[in-house]
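Chain by chain, the residues run as shown.
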Amino acid sequence: MESNNEHFRHILLFYFRKGKNAAQAAKKLRDVYGEEALKERQCRNWFDKFRSGDFLLKDEQRSDRPLQADDDQIKAIIELDRHISEREIGEKLKIPKSTIHDHIKRLGFVKKLDIWVPHELKKFI
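Note that the structure is a prediction, hence the values are computed from the model and not measured. (Residues numbered from 1 in each chain as written. Predicted model: local features only at pLDDT ≥ 70, side-chain atom pairs only at ≥ 80, totals over all residues. Heavy atoms only, no water.)

Remarks on the side chain of H103
And step 1. Looking at the element boundaries, H103 is found in helix α6 (residues 97-107).
And step 2. Under the relative-accessibility criterion, H103 is labelled buried at 8%.
And step 3. If we ignore the near neighbours within four places in the chain, the residues touching H103 are A69, D71 and I74. (Helix = DSSP H or I, 4+ residues; strand = E, 2+ residues; numbered from the N terminus. Buried < 20%, exposed > 50% of the residue type's maximum accessible area, 1.4 Å probe, protein only. Contact = heavy atoms within 4.5 Å.)

Looking at the packing of aromatic side chains
And step 1. Per the stated rule, a full pass over the model turns up eight aromatic pairs.
And step 2. Ring centres of F16 and F50 lie 5.4 Å apart, and the angle between their planes is 55°; this geometry places the pair in the tilted category. Here F16, found in helix α1 (residues 2-17), pairs with F50, found in helix α3 (residues 40-51); they are 34 residues apart in sequence, far enough to count as distant.
And step 3. Using a relative accessible area of 2% as the deciding quantity, one classes F50 as buried.
And step 4. Consider the rings of F50 and F55, whose centres lie 5.9 Å apart with planes at 15°: the pair is stacked.
And step 5. Taken together, the aromatic side chains of F16, W46, F47, F50 and F55 make up a single cluster linked through ring pairs.
And step 6. Cation over ring: R17 sits above F55, and NZ or CZ is 5.2 Å from the ring centre. (Phe/Tyr/Trp six-rings, centres within 6.5 Å; stacked < 30°, edge-to-face > 60°. Lys NZ or Arg CZ within 6 Å of the ring centre and 35° of its normal.)

Listed below in C-alpha cells is the structure:
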C-alpha cells in the first residue's frame with residue numbers, strides 16, 4: 001500500500017505543477033484507479049504541502065504504537081495515594097493524562113473532595 005500511496009503522490013505533484021487543483025486531481029485518480037485512489041481530502045492535504053514548498057513525497061517518520069496503560073498499575077497507584085492527581089499518575093507511568101483519565105473512568109473511580117473513591121451506585125430503601 002505504501003508504494004501505491006507514493007505513486008499517487010507523484011501523480012498529484014504532476015497535476016500540481018500543471019496548475020490543476022486538488023479536486024480535479026482527485027477526480028482523475030478515481031477515474032483511473034477507482035476506489036483504491038486517494039480521497040479528495042487527502043489530495044487537498046498534499047496540495048497544501050506543495051503550496052508551502054514541501055515536495056517530499058514519502059511519509060514522515062512516526063513513533064511506534066502509543067503507550068498502553070495497565071489498569072492494575074493505575075489502580076495500585078490510586079490505592080497507595082488516594083490524593084494523587086491524574087497528571088501525577090501520568091508522569092509516573094510516562095503516559096498522557098488523557099489516557100490516564102480514560103482508564104480511571106473505566107476502573108470506576110471518581111474524585112470527591114480530592115480523594116479517589118469507587119463510583120458505586122447504592123440502592124436506597
